[in-house]
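Chain by chain, the residues:
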Amino acid sequence: LLPCWFFSPLFRQVRERLKKQVVEMKEKFPGFRPGLAILQVGNRDDSNLYINMKLKAAAEIGISANHIKLPNTATEADVLKCIASLNGDPAVHGFIVQLPLDSDKPINTEKITNAVAPEKDVDGLSSINAGKLSRGDLGDCFIPCTPKGCMELIRQTGIQVAGKRAVVVGRSKIVGAPMHDLLLWNHATVTTCHSKTSTLAEEVGKADILVVAAGKAEMVKGEWIKPGAIVIDCGINHVPDSTKASGKRVVGDVAYSTAKEKASYITPVPGGVGPMTVAMLMQSTVESAQRFLEKFQPGKWNIQYNRLTLKVPVPSDIEISQSCIPKPIDQVAKEVGLLPDEVELYGQTKAKVHLSALKRLKNQPDGKYIVVTGITPTPLGEGKSTTTVGLVQALGAHLHQNVFACVRQPSQGPTFGIKGGAAGGGYCQVIPMEEFNLHLTGDIHAITAANNLVAAAVDARIFHELTQTDQALYNRLVPSVNGVRKFSDIQIRRLQKLGINKTDPTALTKEEVNLFVRLDIDPGTITWQRVLDTNDRFLRKITIGQSPTEKGFSRMAQFDITVSSEIMAVLALSDGLDDMKKRLGRMVVASSKRGEPVTTDDLGVTGALAVLMKDAVKPNLMQTLEGTPVFVHAGPFANIAHGNSSVLADKIALKLVGKEGFVVTEAGFGADIGMEKFFNIKCRYSGLRPHVVVLVATIRALKMHGGGPAVTAGVPLPKEYMEENLQLLAKGCSNLNKQIQNARMFGVPVVVAVNAFKTDTKAELALVVQLAKEAGAFEAVECTHWAEGGKGAVALAQAVQRASQTPSNFRFLYNVELPVIDKIRLIAQQIYGASDIELLPEAQEKVSVYTKQGFGNLPICMAKTHLSLSHDPERKGAPTGFILPIRDIRASVGAGFLYPLVGTMSTMPGLPTRPCFYDIDLDPASGEVNGLF
């Protein structure tokens, strides 16, 4: 008979082996730890005891164990939701549900255990694992820990299991039934007995190996046991014992005192099977982690890419988009490491990602940050979006790097107007492109609603102040409800801003009431306009308040397009819900007649705006044609705003791709506009530092800058753009040279992507590559991604990889503490090539006003034409020596910048003679959208 102390070293031996395996995993994959989750419902003392044992064992081995405790009021749905979250958590490799479930609600235990993902079911209780065990698939399943521990104890005796007669007493799903299967597939001849077996003593007497798990104290007598048998006692029972302080003692299912006289090996109770059960739980968790590492390298996505079927000639964008079957978006989310409860599905092809993902990933290192920009474009655009998508498809589907694209959501105005959509083009698109270009998940509609609520609040407040006394206003603003008057939280903030430290509405003096109720908005200073996401030229100047009910209080106003709303810029620059709410509250809508800024917080509308925007703040997840992930979030104008997608999308993406991955984002218009604002505004607020600039250039745009004829949307290109002309091209490369210098001014390496068209000649492409390198580009690459997808941008992707390994000595162009005029002058001279600036009287006045109001330290967001480095869209190339006129300066205080107006900026586009909507249609039979591009 083996002594009791035999079992403790055995447990320690298993523990030391596992500890060594965990150390080896950590050495091979730094930062990796096997993860175990234990889900408990209720607060049973025995469950707490078992869980503490498991947690202690995990800590000793080096397993990261997480105990999730639900109250005994938890419903079945609550438990299933928690299980779904743990199933999707890549940091959890082993997962058990502590039984029994201690809930006062009805819960189906089998349903709960079967909800655990089989690959994480280290307790081996799911039907899938049980089925595999019963079939003998021992290498492809998890075995329940107690039978597994019993088998380990049997092996340690040195007995040859094959050919032996084994008897299992008990048939529970947790021990008896799986023990039978385990012994059977280890080639023993197995008999299962139970409390109803009439010849129990006789059957026990035949056993070379006896495993007892009947749950009855000392049910199996010593005299039944075959001499020399191995006895594994799984029972834990309490029997009365007056000699014990507790009045009871623990015994097994076997009468130990008599059985030990006949058995060659018998496990004690307690101290035998129990510790081995815990050890096997740890072993299964380590095995699960090893399987995870074999299948998934930490930080390396296991992603399914879509194979493109390229056609010549290249079909229309929407034909290509609709010919590709997107992966289910929840699959994309899982592939990139998002958890199920971090993803909010909007159908099969798009989803919102909760900001909790950023909190969960906060300690993960960021990937490489790439910004795609361009030379000064033609009115046709030079393919920045297409290049962005082509680059990520190349990095992901062809070079197998973790990569995310982060792009702006397009306005529906251009989609139905003249420009068309913005999903990329050719074989480099975000799909489905009709979802991307139309409503998506409703973010732009939320911004429209929020913006127009502010506009309504401004005019309503002016109206009510003009038509009511102080006391009447006060009575309505702070009404008596059931005899009680109370300030709302936002009204308390207004009182504090006014220096009135009172919370009792009856305590205010007449003077304080006057200050509180009178915003005293000067109508001539109102900068907040209504918005609509449609191109409508007849809303550029309107008269409001003409109904008789407004009592003659009319004024001139206008509509802007929604993406020009400051709320869009706020969304793009916020780094969380709290930050967004604060920015929304800081937005200045007008000045009072005393010259003080009036904010949305003063209007009392901040909380309502946050409610309208609470879903819009979550980035939208989509995919490219080749199956790489894309965040589509925010779409601020690139002239009166900063023209970049959201900070939040970039931050989440940088965490998801990991240290060796890439996030590729796009900055609107040319490098002098979108890139400059990306650096000086977006990076300043986000704290993120870019690694590489990708500068997109085309032969046609460079020829235009060399003096070629005007390029007009909707009109065939002149022959100069269709035939080789190296002289014209070389002259136009002055613009490329200047934009390369602009990027290098910020200390970031530049890779030039020459977006090739079929009319470009080899000599022209080679010339641009040569001149780009001479101008200081790290590399210049010819790209054919529009026609070939990611394959056509592989050379670009490899160049970006190399450039990202070089030092990025990023720096801002200016210190925000500089005077407003100095910051504007620096941008004009350093980025545009101007000799100086000229502030017109209105702009000079605004500098004084904003400085006095405390907004002088905000970054600058220049609003100028994107068709020239100068203020004159007709001046191409790289003009110098000009004076940049500043017509006016406006403030987007909530977003966090001042925007000087260089010339006239239209914030409401108009429809052309033949808008895109002529070609857009719906097939009622298939439901497909046709004609988008």
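Here the structure is a predicted model, which means the values were calculated and not measured.

Asks: Help me out: how do you make sense of the overall build of the protein chain in this one?
Replies: Within the protein chain, the regular secondary structure consists of 33 helices and 36 strands. Out of the 933 residues belonging to the protein chain, those deemed buried represent 55%. Restricting to contacts in the protein chain with at least 6 residues of sequence separation, those with at least 24 account for 74%. Total accessible area computed for the protein chain in this model is approximately 38,600 Å², and 53% of it derives from carbon and sulfur atoms. Positive and negative charge centroids in the protein chain, built from 103 and 91 side chains respectively, lie 3 Å apart.

Asks: Looking at this model, I keep getting lost on helix α6 (residues 145-156). Mind explaining?
Replies: Because each turn of an α-helix spans 3.6 residues, side chains separated by three or four positions in sequence point in the same direction. Between its terminal C-alpha atoms α6 stretches 16 Å, which fits the 16 Å expected from 12 residues at 1.5 Å a residue. Of all 12 residues in α6, 10 are buried, a share of seventy percent or more. Directly after α6, the chain includes G158, whose backbone phi takes a positive value near 90 degrees.

Asks: For this particular structure, what's the right way to read the packing of helix α14 (residues 384-398) against helix α31 (residues 794-804)?
Replies: The axes of two packed helices give the description: the angle between them and the distance between them. Put simply, α14 and α31 touch, their axes get as near as 8 Å, and they point 80 degrees apart. Here α31 runs roughly perpendicular to α14, going by the angle between their axes. Counted together, T387, L391, A394, L395 and H398 of α14 and V794, L796, A797, V800 and Q801 of α31 form the full contact between these two elements. Considered class by class, the residues forming the contact of α14 with α31 number 7 nonpolar, 3 polar and no charged.

Asks: It is not clear to me how the sheet that holds strand β7 (residues 230-233) should be interpreted in this structure. Could you clarify?
Replies: Sheets are built from strands that pair by backbone hydrogen bonding, the pairs being arranged parallel or antiparallel. The parallel open sheet is built from 5 strands, whose spatial order is β5-β4-β6-β7-β10. Among the strands making up the open sheet, the edge pair consists of β5 (189-193) and β10 (265-266). Where β7 lies against β10, 2 bridges are found, and the strand directions are parallel. Bridge pairing in β10 links V231 to I266.

Asks: Just to check I follow, could you spell out the pattern of salt bridges for this structure?
Replies: When charged atoms on two side chains of opposite charge get close, those side chains can pair. By the definition in use, this model includes 47 salt bridges. Here D470 ties to R518 by a salt bridge, and the two come within 2.7 Å at their closest N and O atoms. Taken as a pair, D470 in helix α18 (residues 470-477) and R518 in the loop between α20 (510-517) and β19 (530-532) lie far apart in primary sequence, 48 residues in all. For D470, a relative accessible area of 23% corresponds to the partly exposed category. Residue classification places R518 among the buried positions, given a relative accessible area of 17%. The partner of E596 in a salt bridge is R594, and the shortest N-O contact between them spans 3.6 Å. In this structure E596 comes out as partly exposed when scored by relative accessible area, which is 42%. Look at R594 and you get partly exposed, because its relative accessible area is 46%.

Asks: Hey, could you run me through unusual backbone geometry in this one?
Replies: Among all residues except glycine, the phi angle is most often negative; among peptide bonds, the trans geometry is most common. Cis rather than trans, the peptide bond between L99 and P100 has omega equal to 0 degrees. You can see P100 is positioned in the loop between β3 (94-97) and α4 (109-115). Following V269, the chain continues into P270 via a peptide bond in cis, with omega recorded as -5 degrees. With respect to the secondary-structure elements, P270 resides in the loop between β10 and α10 (273-295).

Asks: Where do I start with the sheet that holds strand β1 (residues 35-41) in this structure?
Replies: Spatial strand order, β2-β1-β3: 3 strands in an open sheet with parallel pairing. Each edge of the sheet is formed by a strand with only one pairing partner; in this case those strands are β2 (64-70) and β3. Across this sheet, the average inter-strand angle for adjacent strands is 15 degrees, counted without regard to direction. Taken strand by strand, α10 contacts β1 and β3, and its axis lies near 130 degrees from that of β1.

Asks: Explain the environment of S804 to me, please; I cannot follow it from the model alone.
Replies: One can find S804 in helix α31. Note on S804: relative accessible area 5%, which makes it buried. As a C-alpha pair, S804 and V692 span 112 residues in sequence and 5.9 Å in three-dimensional space.

Asks: Looking at this model, I keep getting lost on a nonpolar patch on the surface. Mind explaining?
Replies: Taken together, the side chains of L49, Y50, M53 and I236 define a hydrophobic patch exposed on the protein surface, amounting to about 390 Å² of accessible area. Following the sequence through the fold, I236 ends up in the loop between β7 and β8 (237-240). Using a relative accessible area of 53% as the deciding quantity, one classes I236 as exposed.

Asks: Can you walk me through the nonpolar core in this structure?
Replies: One recurring pattern in soluble globular proteins: nonpolar side chains tend to sit buried together. Residues F404, F631, F679, L736, V752, L884 and I889 are the most contacted members of the largest nonpolar core, which totals 136 residues. Not counting residues up to four positions away in its chain, the partners in contact with L736 are I375, L695, A697, L702, V752, V768 and A772.

Asks: I tried to follow the packing of helix α17 (residues 443-467) against helix α21 (residues 566-573) on my own but got confused; where do I start?
Replies: Running from N to C, α17 and α21 cross one another at 125 degrees; their axes reach a closest spacing of 9 Å. Classified by the angle between their axes, α17 and α21 sit oblique to one another. With respect to the hand of their crossing, α17 and α21 are arranged in right-handed fashion. Touching I444, I447, A450 and N451 of α17 are I567, M568 and L571, all from α21.

Asks: What should I look at first to understand helix α2 (residues 45-61) in this one?
Replies: The end-to-end C-alpha distance of α2, which contains 17 residues, comes to 25 Å, matching closely the 24 Å that a straight helix rising 1.5 Å per residue would cover. Buried within α2 are the following residues: S47, N48, I51, K54, A57, A58 and I61. Just downstream of α2, G62 is the residue with a positive phi angle, here 105 degrees.

Asks: Looking at this structure, how should I read the state of the cysteines?
Replies: Two cysteines joined by a covalent bond between their sulfur atoms form a disulfide. This model, assessed by the stated rule, comprises 0 disulfides. Here C428 is not disulfide-linked; the sulfur of C783 is the nearest cysteine sulfur, at 9.5 Å. You can call C428 buried: its relative accessible area is 0%.

Asks: Help me out: how do you make sense of the packing of aromatic side chains in this one?
Replies: Each aromatic ring pair is specified by the distance between its two centres and by the angle formed by the two planes. Overall, the coordinates contain 15 aromatic pairs when judged by the stated rule. For the ring pair F463 and F553, a centre distance of 6.1 Å and an interplane angle of 75 degrees mean the geometry is edge-to-face. Of the two residues, F463 sits in helix α17 while F553 sits in the loop between β20 (542-544) and β21 (555-557), which places them 90 residues apart along the sequence. A relative accessible area of 16% places F463 in the buried class. Overall, F553 belongs to the partly exposed group, its relative accessible area being 37%. On the numbers, 5.6 Å between centres and 65 degrees between planes, the contact of F487 with F516 is edge-to-face. Residue F487 is located in the loop between β18 (484-485) and α19 (489-497), and its partner F516 is located in helix α20; the two are separated by 29 residues in the primary sequence. Residue F487 is classed as buried on the basis of its relative accessible area, which comes to 4%. Among the aromatic residues, ring-to-ring pairing joins Y369, F678, F679, F746, F810 and F812 into one connected group. Taking the ring centre of F812 as reference, the NZ or CZ of R684 above it sits at 4.2 Å.

Asks: Whenever I open this one, the pairing of strand β34 (residues 897-901) confuses me. Can you help?
Replies: Put simply, side chains in a regular strand alternate between the two faces of the sheet. With 5 of 5 residues buried, β34 is to be regarded as a mostly interior element. Going residue by residue along β34, you find F897, Y899 and L901 tucked away on one face and L898 and P900 tucked away on the opposite face as well. Here 5 bridges tie strand β33 (residues 888-892) to β34, and the two strands are oriented antiparallel to one another. Note on β34: the bridge partner recorded for I889 is P900. Count of turn residues in the β33/β34 antiparallel hairpin: 4 residues, of which G896 carries a positive phi of about 105 degrees.

Asks: Help me out: how do you make sense of the confidence of the model for the protein chain in this one?
Replies: Interpretation of this model should avoid reading the predicted coordinates in detail wherever pLDDT is low. Scored by pLDDT, the protein chain comes out at a mean of 93, with 99% of its residues at no less than 70. In this model residues 1-7 is a low-confidence stretch, pLDDT under 50, and it forms 18 contacts with partners more than four residues away in sequence or in other chains.

Asks: Help me out: how do you make sense of the environment of V531 in this one?
Replies: Positionally, V531 belongs in strand β19. We classify V531 as buried; its relative accessible area is 2%. V531 sits 367 residues away from K164 along the chain, and the two C-alpha atoms are 83 Å apart. Not counting residues within four places of it along the chain, the set of residues in contact with V531 comprises T448, N451, N452, F559, D560, I561, T562 and S565.

Asks: Can you walk me through the side chain of N735 in this structure?
Replies: Mapped onto the elements of the fold, N735 is located in helix α28 (residues 726-744). Of the residues examined, N735 reaches a relative accessible area of 0% and is grouped as buried. Not counting the four nearest positions on each side in its chain, N735 is found in contact with I375, T376, H705, L869, G877 and A878.

Conventions we followed
- Residues numbered from 1 in each chain as written.
- Predicted model: local features only at pLDDT ≥ 70, side-chain atom pairs only at ≥ 80, totals over all residues.
- Heavy atoms only, no water.
- Helix = DSSP H or I, 4+ residues; strand = E, 2+ residues; numbered from the N terminus.
- Buried < 20%, exposed > 50% of the residue type's maximum accessible area, 1.4 Å probe, protein only.
- Contact = heavy atoms within 4.5 Å.
- Areas by Shrake-Rupley, 256 points an atom, 1.4 Å probe, with all protein chains shown as cover.
- Lys, Arg positive; Asp, Glu negative; His and termini not counted.
- Charge placed at Lys NZ, Arg CZ, Asp CG, Glu CD.
- Expected span 1.5 Å × (residues − 1).
- Axes fitted to C-alpha atoms, helices over the stretch in contact; angles between N-to-C directions.
- Parallel < 35°, antiparallel > 145°, perpendicular 65-115°, else oblique.
- Nonpolar A, V, L, I, M, F, W, Y, C, P; charged D, E, K, R; others polar.
- Pairing = 2+ DSSP bridges.
- Salt bridge = Lys/Arg side-chain N within 4 Å of Asp/Glu carboxyl O.
- Patch = residues over 30% accessible without salt bridge, like charges linked within 9 Å, V, L, I, M, F, W, Y side chains within 5 Å.
- Core = buried A, V, L, I, M, F, W, Y, C linked by side-chain atoms within 4.5 Å.
- Left-handed = near helix turned anticlockwise from the far one by under 90°.
- Disulfide = S-S within 2.5 Å.
- Phe/Tyr/Trp six-rings, centres within 6.5 Å; stacked < 30°, edge-to-face > 60°.
- Lys NZ or Arg CZ within 6 Å of the ring centre and 35° of its normal.
- pLDDT = per-residue confidence, 0-100.

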